Amino acid sequence: MKLVSKINNINELNIVSNYTDYIMLPYELINIENVNKVTELNKTPILMFNLMVHPFEIEQLTKELLQFKDFNVLYYITDLGLARILKTNNLISKTIYDPITMITNSLDAANYYSYGFNSIGLSNEITVNDLVKIIDKTNAKVFYQVFGHRLMLHSRRKLVSLYGEKIGREIDKSNMRIVEATRNDSYPIIENDKGTYIYRSYLISLLNEIKKLNLEYAYLESFNIKTDNYIKVLEIFNKYLNDEFSLNQAIEHLTLLNLDIKDGFSYQDSIYNKEEF
């Protein structure tokens, strides 16, 4: 099992590299200079092309993907269309395909994995038990988020801007959150030139289960976490996996950070109840 971290700016690289095997570069940080900086630290960069691709973008994205063809990198994609480009150029074995919520059973997992991917991402809204069963049944190499805010919606549409147009008001798009009328949870929301992203209100942590999971890549998401806390979380997971911390010690150190961690769907399937009218 390899730990995967994500940096939000290149200045975090040196300290993050102390506790992780692979470093995820967000799309806006992907360039040859940054890739070289990661490899100079003897870490493998994972290039985060988590994009919904329109036909008019294919030519440009193909150029962006292929400029790293001879580099020691992995590609992380969420749009199956990019897989075709990578396979055509003999790069599918360096590709992690993670459609976030789509792969929920062993039949789908086996089918996607047979395409030749380096690894696949299973749904982040299935239980840990289902996760274990799918891996055991398929022997697929799996990329899975074990800490952080989980993405619950990605739309290519600029939903906040469209809402602002509808109500005739300019909306401040910094530090946005939304609250549903019937719930108290506050969901972080981002809008940029690639669309709209909505995350769960709380953090998940699979620290307790991580040694039981036969994962190829264990991903710790840094979104909306203070850098100091994120580094401490990386250190905790790293020391636990390398037997420098016992589980009790790791849990104790994580608890001291006072983060809003909840189980989510880790132990219980989501249940949909019809609303009464």
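Everything here concerns the structure above.
The following paragraphs examine the structure supplied in this document.

Rules behind the numbers
Residues numbered from 1 in each chain as written. Predicted model: local features only at pLDDT ≥ 70, side-chain atom pairs only at ≥ 80, totals over all residues. Heavy atoms only, no water. Helix = DSSP H or I, 4+ residues; strand = E, 2+ residues; numbered from the N terminus. Buried < 20%, exposed > 50% of the residue type's maximum accessible area, 1.4 Å probe, protein only. Pairing = 2+ DSSP bridges. Salt bridge = Lys/Arg side-chain N within 4 Å of Asp/Glu carboxyl O. Core = buried A, V, L, I, M, F, W, Y, C linked by side-chain atoms within 4.5 Å. Contact = heavy atoms within 4.5 Å. Arc of directions from axis to C-beta. Phe/Tyr/Trp six-rings, centres within 6.5 Å; stacked < 30°, edge-to-face > 60°. Lys NZ or Arg CZ within 6 Å of the ring centre and 35° of its normal.

**Brief notes about unusual backbone geometry**
Thought 1: A positive phi angle, near 60 degrees, is found at N90, a position not held by glycine.
Thought 2: Its place among the elements puts N90 in the loop between α4 (80–88) and β5 (95–97).
Thought 3: One non-glycine residue, N224, lies in positive phi territory at about 65 degrees.
Thought 4: Take N224: it is sitting in the loop between β11 (217–220) and α8 (227–241).

**Section: the pairing of strand β10 (residues 195–205)**
Thought 1: For β10, the tally of buried residues reaches 11 of 11 residues, placing the bulk of the element in the interior.
Thought 2: Relative to β10, strand β7 (residues 142–155) runs antiparallel, the two sharing seven bridges. Of the residues in β10, the one forming a bridge with H149 is L203.
Thought 3: Where strand β9 (residues 186–192) and β10 come together, four bridges link them in antiparallel fashion. Counted as the bridge partner of I189 is I198 from β10.
Thought 4: Counted between consecutive antiparallel strands, the loop separating β9 from β10 contains two residues.

**Quick look at the pattern of salt bridges**
Thought 1: Taken as a whole and judged by the stated rule, the model has eight salt bridges.
Thought 2: With its nearest N and O atoms 2.7 Å apart, the salt bridge here joins K6 to E221. Taken as a pair, K6 in strand β1 (residues 2–6) and E221 in the loop between β11 and α8 lie far apart in primary sequence, 215 residues in all.
Thought 3: Two residues, K239 and E235, come together in a salt bridge whose shortest N-O distance is 3.0 Å. Separated by four residues within a single helix, K239 and E235 lie in helix α8, roughly one turn from each other.
Thought 4: The structure contains a network of salt bridges with shared partners spanning E57, R156 and K194.

**Quick look at the pairing of β11**
Thought 1: The two faces of β11 match: Y217 and Y219 on one face and A218 and L220 on the other face are all buried.
Thought 2: The pairing of β1 with β11 spans four bridges and is parallel. If you follow V4 over to β11, its bridge partner there is Y219.
Thought 3: By the bridge criterion, four bridges tie β7 to β11 in an arrangement that is parallel. Of the residues in β11, the one forming a bridge with Y144 is A218.

**Looking at the nonpolar core**
The nonpolar side chains of a soluble globular protein tend to be buried with one another.
Thought 1: Grouped together as the largest cluster of nonpolar side chains are 63 residues, with contacts concentrated most on L47, F49, Y75, L122, L220 and F237.
Thought 2: By residue number, the principal contributor to this core is α8, which donates seven residues.
Thought 3: For F49, the residues in contact, after removing those within four places along its chain, are Y27, I30, L61, E64, L65, Y75, Y76, I77, T78 and L82.
Thought 4: Judged by nonpolar contacts, the second largest core, of 16 residues, contains Y76, I100, F143 and Y219.

**Regarding α4**
Thought 1: Those residues of α4 lying buried are L82, A83, I85 and L86. What you see down the axis of α4 is that its buried residues fit within an arc of 165 degrees, all on one side. Facing away from the buried surface of α4 by more than 90 degrees, the exposed residues are R84 and T88.
Thought 2: For α4, the secondary structure elements touched by its buried residues are β3 (44–49), α3 (58–66), β4 (74–77) and β5.

**Notes on the packing of aromatic side chains**
Thought 1: Counting across every chain of the model gives 12 aromatic pairs.
Thought 2: Taken together, a centroid distance of 5.5 Å and an interplanar angle of 50 degrees make the contact between Y97 and Y112 tilted. Separated by 15 residues along the polypeptide, Y97 in strand β5 and Y112 in helix α5 (residues 106–113) bring together distant segments of the chain.
Thought 3: Of the residues examined, Y97 reaches a relative accessible area of 2% and is grouped as buried.
Thought 4: Under the relative-accessibility criterion, Y112 is labelled buried at 17%.
Thought 5: Taken together, the ring pairs connect Y22, Y76, F143, Y217 and Y219 into an aromatic cluster.
Thought 6: A cation sits over an aromatic face here: K87 above Y115, 4.2 Å from the ring centre.

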